Structure formats: C-alpha cells, structure tokens
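Chain by chain, the residues run as shown.
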Amino acid sequence: MSKQVIVITGASSGFGALTARALAKAGHMVYAGIRETKGRNAAQVEAAAAFAKENGVDLRTVELDVTSDVSVEAGVAAVIAEQGRIDTIVHNAGHMSFGPAEAFTPEQFAELYDINVLSTQRVNRAVLPYMRRQGKGLVVWVSSSSTRGGTPPYLSPYFAAKAAMDSLAVSYASELTRWGIETTIIVPGAFTKGTNHFAHSGSPTDKARAAEYDNGPYAGVPDQALKGLASLEPADADAASVATAIVDVVGMPFGTRPFRTHIDPSEDGAEIVNGVADRVRAELFRRIGLEDLLRPAVKG
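Please read these numbers as outputs of a predicted model, since none were measured by experiment. (Residues numbered from 1 in each chain as written. Predicted model: local features only at pLDDT ≥ 70, side-chain atom pairs only at ≥ 80, totals over all residues. Heavy atoms only, no water.)

Topic: the sheet that holds strand 1 (residues 5-8)
One open sheet accounts for seven strands, arranged 3-2-1-4-5-6-7; its pairing is parallel. Both edges of this open sheet fall to strand 3 (59-63) and strand 7 (260-263), since each of them pairs with a single strand only. Direction aside, neighbouring strands of the sheet carry axes that sit 20° apart on average. Pairing analysis gives five bridges linking strand 2 (residues 29-34) to strand 3, with the strands arranged parallel. Bridge pairing in strand 3 places Ile34 opposite Glu63. (Pairing = 2+ DSSP bridges. Helix = DSSP H or I, 4+ residues; strand = E, 2+ residues; numbered from the N terminus. Axes fitted to C-alpha atoms, helices over the stretch in contact; angles between N-to-C directions.)

Right, dumping it as structure tokens:
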C-alpha cells in the first residue's frame, strides 16, 4: 500500500479523531483538520502530537474550520505547500441536534446544513483543483444510515442535512470519475457510545414550542427514542469499527473500492434501501449511455 497524504475534517473527536489515528497507524501521512487549534481545541492538538510521538506515526494537525471559506482555503493551501499534493480527503465534520422539528428555527436548520453539507462543498472547491491536476484522488464521505434507514423522531435537522450530504456525494461521484477521482461513501449506524455525537447534540431555540411537545401527547418520546436506539445497539458495538472500515477502503487498489460501505451494528435497514437506490442509479447511467461514469478513469 502506498503512503497517501490524507486530510480529514472534524478530527478533534469522535469518528474523526479515531479515523485520523487509525489512518496514521496504517502508514499514511494524515492531517487532522481541527478548528480553533490555538483555542478550545488546543488540548486535542496536543493529544494528536502525543499520539504521533508515542506511536511513531505521521499524524499532524491543521487549522480547518469547515464553516469558513477562508479557513478551508488556508488549511488546504498549507497542506499543499508542505506536501505538494493531497491524495485523499475525508468528509467527516458534522453536528447533531435533538428535539421536535417545529421547535428549531430556520436559522438553526441553516446552521446544521452549513456544518454538514456546505462544509463539504467548501472543502471540495479547495481540494479538487489539485486532485484534478494530479489525475488521481479519493473522496471519502462519512454519511449516516439515517439517510435511508429507520429514522426515529426528534432528529430531523441532522437527518435532513445528512440526506442532503449523501445526495451531494452521489452527484459528485459521477462528475469526478473522468478526472481519475474515486468516491466512496461510508455509512455508519447510530453509535450511541464511543463518540460525543449524542452528548453534544444541539437543542431547539424555541423552548416554549418544544415544551408543548414535551408536556403534550409526545411526553416521554425523547427518552423512549434514545433508549430505543441504545437498546438496538449490540453490547460489542465499537465506534472504532468505522475508522477501521475507512482504513480498509483507503488501502484498497485504485478503482476497486466499493461505492458504499455500511457499518451498522443495529441494522436499521439502510443497507437494503441504499442497495436498491444505488442499483437504480447504475442502471440509469447504463440506459443513458454514461456507464463509464460509474468507475474512475485511470489517467496516464
């Protein structure tokens, strides 16, 4: 396996931090994208440096606030200045919210879309020009089983944003193959342990409207939803398995990587629905004479 220069977004904690460390241990040069590296996340920067030293791996950090065009462009430029290339970008940054949909303001929905969806567009616009000139690259999207699996109530802003991100990933995939850029979509299930996803989730701004749900016919639904999700998760479910799956996919030979990889211990049904949707997509491409867009071209 060749050593790749990899940039991963949202790598201060959770799947991002786990994946950055796993990729580095696999022998790659990894840039963990973290925002506020000299502020609230300074401890995470120190932890990454300590991990690199203790394990003798090439794990670095780069200031990367995915909600800022300036930060993204500067962070990508810094990596290019040091290495001259970026082989793989991992779109991992994201944020969750929990509460009745009606109680979230439009501004809150927009903020979640900015973090989960627009962030990937910022990063792509900064990275893809380099990859296209290289004639080879890999874009990894960390999606969610919620985009097509069973979707419990009270997670609508996150679910909607992840569905939009997944749709964007699918569209990008066919627009990059002739440039020699490969796409793979990682689909984690609802891991309730091992990340801060649920613990750090946002809540509705409109507290009065949320209270109408909590004190009305939906009393008890939040607890039931969270406990229900946790009960579906096997005792041995390990968030690190998502990082392992990403390492495995990154290490595969160019052109052989699966379009999707599901890591869903709870088996919420997303793999079944995605399987049908992806087959329909492939068949349509064949029918309209663009079957070649389903696989990345090998550039000379």
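Back to the write-up after that little detour.
Examining the environment of Arg148
Looking at where Arg148 falls in the secondary structure, it is placed in the loop between strand 5 (137-142) and helix 5 (156-176). When its relative accessible area of 32% is taken as the criterion, Arg148 is described as partly exposed. Separated by 126 residues in the primary sequence, Arg148 and Asn274 place their C-alpha atoms 6.8 Å from one another. Look past the residues within four positions of Arg148 in its chain and what remains in contact with it is Asp166, Arg260, Ala270, Val273, Asn274 and Ala277. Side chain to side chain, Arg148 and Asn274 meet in a polar contact 2.6 Å long. (Buried < 20%, exposed > 50% of the residue type's maximum accessible area, 1.4 Å probe, protein only. Contact = heavy atoms within 4.5 Å. Polar contact = N/O pair within 3.5 Å; in protein donor to acceptor, adjacent residues only side chain to side chain.)

Concerning the packing of aromatic side chains
In total, this model carries five aromatic pairs according to the counting rule given. Both rings, one in Phe98 and one in Tyr154, keep their centres 5.8 Å apart while their planes meet at 55°; by these two values the pair is tilted. Of this pair, Phe98 sits in the loop between strand 4 (88-91) and helix 4 (106-134) while Tyr154 is found in the loop between strand 5 and helix 5, placing the two residues 56 residues apart along the sequence. With respect to burial, Phe98 and Tyr154 carry one shared label: buried. Their ring planes at 55° and their centres at 5.8 Å tell us that Tyr213 and Tyr218 sit as a pair that is tilted. The ring of Trp179 carries Arg132 above its face, with NZ or CZ at 4.7 Å from the centroid. Across from the ring centre of Phe285, 5.1 Å away, lies the NZ or CZ of Arg281, which sits over that ring. (Phe/Tyr/Trp six-rings, centres within 6.5 Å; stacked < 30°, edge-to-face > 60°. Lys NZ or Arg CZ within 6 Å of the ring centre and 35° of its normal.)

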